[in-house]
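Here's the letter readout for the chains.
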Amino acid sequence: MADDLRDSALQYHRFPRPGKLAIQAIKPMASQRDLSLAYSPGVAAACEEIERDPLNAAEYTARGNLVAVVSNGTAVLGLGAIGALASKPVMEGKAVLFKKFADVDVFDIEIEERDPDKFIEIVAGLEATFGGINLEDIKAPECFEIERRLRERMDIPVFHDDQHGTAIVTAAALLNGLRVVGKYLADIRLVCNGAGSAALACLDLAVALGVRKENILVCDRSGVIHTERAGGLDQYKARYAVETEARTLADAVNGADVFFGLSSGGSLKAEMVATMADRPLILAMANPTPEIMPEEAKAVRPDAVIATGRSDYPNQVNNVLCFPFIFRGALDCGATTINEEMKLATVMAIADMATTTVPETVAVAYGGQAMTFGPEYILPKPFDPRLIDTIPPAVAKAAMDTGVAARPIEDLEAYARSLSKLVYRSGNVMEPVFERARQNPLRLLYAEGEDERVLRAMEVCVSQRYAKPVLIGRRAVVEARLEELGLPVKPDVDFELIDTQDYPGYAELAGEYHQLMGRRGIQPDAAEKRVRSRATILASLLLRRGDVDAMITGPVGTYREHLGLVLDVIGLREGVSTAAALQLLILERATLFIADPYVNYDPDASQIAEITLMAAEQVRRFGITPRAALVSHSNFGSDDFDSAKKMRQALALIRERAPDLVVDGEMQADAALSMGVRGRILPDSLLEGEANLLIMPNLDAANITFSALKALGNGVAVGPILLGAAKSVHVLNRTVTARGITNMSAFAVVEAQTDR
């Protein structure tokens, strides 16, 4: 390990607090009543319910989402038998991965015990505490016996990830690698270098998938495992002993179709690879140095498909693709074990996912590289957000089909949607919008059709049926970028493309634009030039005349520039005097709408009232009842500066125009967000609960509040949502992601549905 990496790792583990985990209470403990509910005497009620029915433990305790990562430190990473205490950083790391990828809570438990019988007794005694056991870094062959006996004794999932997690991901790579090279499981010759727990589990699963046992050769440190070898074979290795004249790894790989490497770095030589069958599949999974580096293998066999355990090469075989998600599914259906059917379901889910389009969030996490199914992309990436809503439902279904689910899940589709919210917190708010968009997808025009984020969002809208996209852009550029990104959509087939270099409608639209802008200094020749050169103007004209139903612009350029062009053409809705912007911010503890962070610098009381009413209307589109707070430095008349007076005047206007709207003010932000604070200041406030719509007195306050909350609260933003325009049009800012554009696309369609 390089010194700089070692130093950085030690700093990471030591500061600002030692370790990588902490325990956090998830229920309030702020009063005597809270204490009486959490502990004596209230806790007795939960105890009695669990005594009555043990399955209630998942309802009244954390057990249903709690896994133990258990090790005795006898086979840690590449470090060997370093002992239980020294293994703790690794087990904490495993716990973090469980939480990060699948929201599974973990206690890491390091047991200083190498006697398998005693170790089994200790772990078996933990069943009342945990919903599942993940065995980790336990040496072979003891690990086989430990897992087998614990599975027999315990009625919760026991899973040795070193074996089965590796096997599941390797099996998915095997399936997809063979798809790429055009070979079949039953026909291949497979060589495995390594005969430890992971290697044997990989072979067992390969056989379960259809690889013939007689077509497998296994090598350990002593060479090929064959029937004539004297001694040194335990019962687990002996299962793969065959009659063969091959004695070395070089002998074994000659003519082989597939290589499994679960051994040591550099053990597979280039000259060995040269003797393999046509289009070989090489899974060199030793870490950190694989059995052969991909460039060495490619030098002698350019037709090879290669996977390693490393993240800096294509096709990383990484257990994180499996273990968080298989436990997520097992815990949620109350599985009493993880059986072979659940493992195979996971294999198929991972393999099939790699054949589908990769979302933008994954491409961004991996440097923007294009990923399409083929020789250099046979496995999903660990940060693929689809893992969470694909694998657990497949696991739960397999558990239910095989009768090991104590709490069957009735609606697997709804379950999958709920899981996606773990990745896209915006899913909680956006799901009703997505559903409504699917019911009647309308024609949605993207002004910046060449932008990568727009193309990715458009592809999602096509595949999910949120909209019927229309793009403005140069055909050659759009087609090239779609190919580069590996997006399976085509112009004139999946979406309409307005080619800016071959569009026949410029002259007519330029005439319309001149009619709108002729008395504002725009002459006919300038009008045509602007329509041809400014996609936002072209898009706005098409929306104005009804050729499309909704429009998205703005990822390229400044917000105010695009907004001005849009309003010149689209104008304001009847009865509206000012446009405004509304920003949705989804935080871990709250969902907030904030107005107006982009348009009006210092709106007057009448404008504040109008903005509030328009914002409340949009909040309702999300299926949320607005609770508005007019935010100020002043609390209900405590100060008398002009800005406070303005908010008081706005409140009076709002109540006059919309008496049913839940709104109050002027108030400070803490009073708006805390009923307790507000109750001490003004017990008879008409605002109920926590405000979810914050109306700010000016642009500075709105923009600063939004930006600070987003940064400090790790917030997910949806918007800006343009208020007051005569048509469904939204101007996005330059930092928007493809996911953000997707969200706003669905919202624009729903808005257009309502306004038609």
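Values in this document were obtained by computation on a predicted structure and should not be read as measured data.

### Side note on the pairing of strand β20 (residues 716-723)
Most of β20 is tucked away, with six of its eight residues classed as buried. Bridge count between strand β15 (residues 580-586) and β20: six bridges; the pairing is antiparallel. By the bridge assignment, Ala580 is partnered in β20 with Leu723.

### Points about the packing of aromatic side chains
Across all of its chains, the model carries eleven aromatic pairs by this definition. Aromatic pair Phe107 and Phe130: ring centres 6.0 Å apart, planes at 85 degrees, arrangement edge-to-face. Separated by 23 residues along the polypeptide, Phe107 in strand β2 (residues 105-110) and Phe130 in the loop between α6 (116-124) and β3 (132-135) bring together distant segments of the chain. Cluster of aromatic residues (ring-pair linked, three or more members): Phe98, Phe159, Phe323 and Phe327. Over the ring of Phe323 we find Lys94, and its NZ or CZ is 4.2 Å from the ring centre.

### Digging into the UniProt feature "active site" (unreviewed entry) in the protein chain
Sequence positions flagged by UniProt for "active site" (unreviewed entry) are, in local numbering, Lys94. Take Lys94: it is sitting in helix α5 (residues 88-102). On the accessibility criterion, Lys94 (7% relative accessible area) is buried. When neighbours within four sequence positions are excluded, Lys94 is seen to be in contact with Val69, Asn134, Glu136, Asp161 and Phe323.

### Some thoughts on the sheet that holds β15
On the basis of which strands lie adjacent, the open sheet formed by six strands has the order β18-β17-β19-β16-β15-β20 and mixed pairing. Either end of the sheet is taken by a strand with one partner, and the two such strands are β18 (662-667) and β20. Direction aside, the axes of adjacent strands within the sheet are offset by 20 degrees on average. Two strands pair when backbone bridges link them, and strand β16 (residues 591-595) and strand β19 (residues 693-695) are joined in this way by three bridges, in the parallel orientation. Across the sheet, Ala595 pairs through a bridge with Ile695, a residue of β19. Where helix α27 (residues 642-657) meets the sheet, it contacts β17 (627-631), β18 and β19, and its direction lies at approximately 165 degrees from that of β18.

Parameters and conventions
- Residues numbered from 1 in each chain as written.
- Predicted model: local features only at pLDDT ≥ 70, side-chain atom pairs only at ≥ 80, totals over all residues.
- Heavy atoms only, no water.
- Buried < 20%, exposed > 50% of the residue type's maximum accessible area, 1.4 Å probe, protein only.
- Helix = DSSP H or I, 4+ residues; strand = E, 2+ residues; numbered from the N terminus.
- Pairing = 2+ DSSP bridges.
- Phe/Tyr/Trp six-rings, centres within 6.5 Å; stacked < 30°, edge-to-face > 60°.
- Lys NZ or Arg CZ within 6 Å of the ring centre and 35° of its normal.
- UniProt positions renumbered as here; feature names shortened; annotations may be inferred.
- Contact = heavy atoms within 4.5 Å.
- Axes fitted to C-alpha atoms, helices over the stretch in contact; angles between N-to-C directions.

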